[in-house]
Amino acid sequence: MRAAGAHTSCPLPRRFVSRFPGFLGNAAHVLCRTADYYMQMTSRAKLRQRLDLLLDEHRHLLEVAFERTPLWRGIVHESRRRCGKPTCCCARGELHTSTVFSDRSGERQRNLALKGKILERFRGMTEAYRHLRRNRARAVAVQREVLEIFDALEVARRQGALERYARDLPPQP
Ligand SMILES: [Zn+2]
């Protein structure tokens, strides 16, 4: 009975063990349990390594929260367009380029043609804003994975304890 109970986490098919009772089955089972144990050890070590990496990355991602520079929702981008005059060079593919500031601070986006220092100020603020939002999105994914690993390590430790120490208790009713 004990061998069958201990077999729950063993990758050997249950049929294999019941077909080879006694010494041969036990030997196979012991080998299998040893291999299983080392597999668990390495996978847990890998999980802990991954957790350590993720926590470093998380710390790094959230450093933007300590910054104090102003942020602005929007984007500065190059616009390339045709003006519509059939004789213009843009009709032959040489599009007119201009720098456009898409302001998204209000309810509706508006496109503005800014220049010089003001353009550069808004470029800086919008880049800082998008950098912060990218970091936030990545931090959400990192947090999710951190909790998955946290839970997996908890389960593995409980499972390991069951395999080692459950035999010291009377069987469950
Ligand atoms: Zn044109």
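The rules behind these values
All chains use their own residue numbering, which begins from 1 and follows the written sequence. pLDDT decides what is reported in this predicted model: residues at 70 or higher carry local features, side-chain atom pairs at 80 or more are listed and counted, and totals for whole chains, interfaces and linings draw on all residues regardless. Strands are runs of DSSP state E lasting at least two residues, helices are runs of H or I lasting at least four, and both sets are numbered from the N terminus onward. To sort residues by exposure, count the other C-beta atoms lying within 10 Å of each residue's C-beta; 20 or more gives buried, 12 or fewer gives exposed, and values between give partly exposed, all with C-beta atoms placed from the backbone. Residue pairs are scored as contacts if the distance between their C-beta atoms, which are placed from the backbone, is within 7 Å. When DSSP finds two or more bridges between two strands, those strands count as paired. To obtain an axis, a line is fitted to C-alpha atoms, over the contacting stretch when the element is a helix, and the angle between two such axes runs from 0 to 180 degrees between their N-to-C directions. Note: pLDDT gives the predictor's confidence per residue, expressed from 0 to 100.

A. Just the overall build of the chain, in detail. Secondary structure summary: the chain contains 4 helices and 3 strands in total. Helices and strands appear in the chain in the N-to-C order α-α-α-β-β-β-α. When each of the 173 residues of the chain is scored for burial, the buried share is 5%. Taking contacts inside the chain between residues at least 6 apart in sequence as the whole, the part at least 24 apart equals 57%.

B. Examining the environment of Gly 160 more closely. Within the fold, Gly 160 resides in helix H4 (residues 116-165). C-beta crowding within 10 Å serves as the criterion here: with 15 such atoms nearby, Gly 160 is assigned to the partly exposed category. Along the sequence, Gly 160 and Gln 40 sit 120 residues apart, while their C-alpha atoms lie 9.0 Å from each other.

C. Layout of the sheet that holds strand E1 (residues 74-81). The strand order across the open sheet formed by 3 strands is E1-E2-E3, and the pairing between neighbours is antiparallel. Where the open sheet ends on each side, the last strands, each with one partner, are E1 and strand E3 (110-112). For this sheet, the mean angle separating the axes of adjacent strands, direction not counted, is 35 degrees. Of the strand pairs in this sheet, E1 and strand E2 (residues 96-103) are connected by 8 bridges, and their pairing is antiparallel. Each bridged residue has a counterpart across the sheet, and for Arg 81 the counterpart in E2 is His 96.

D. Representation of the confidence of the model for the chain within the structure. Within the chain, residue pLDDT values average 86, and 80% of them lie at 70 or more. Taken as a whole, residues 1-8 scores under 50 in pLDDT and shows 6 contacts with residues more than four places along the chain or in a different chain.

E. Region of interest: the pairing of E2. In this structure, E2 lies alongside E3, joined through 3 bridges in antiparallel fashion. Bridging across to E3, Asp 103 finds its partner in Arg 110. Connecting E2 to the next strand, E3, in antiparallel fashion are 6 residues.

F. Inspection of the environment of Leu 112 at higher detail. Mapped onto the secondary structure, Leu 112 falls in strand E3. Separated by 11 residues in the primary sequence, Leu 112 and Phe 101 have C-alpha atoms spaced 5.1 Å apart. With residues up to four places along the chain from it excluded, the contact list for Leu 112 reads Phe 101 and Asp 103.

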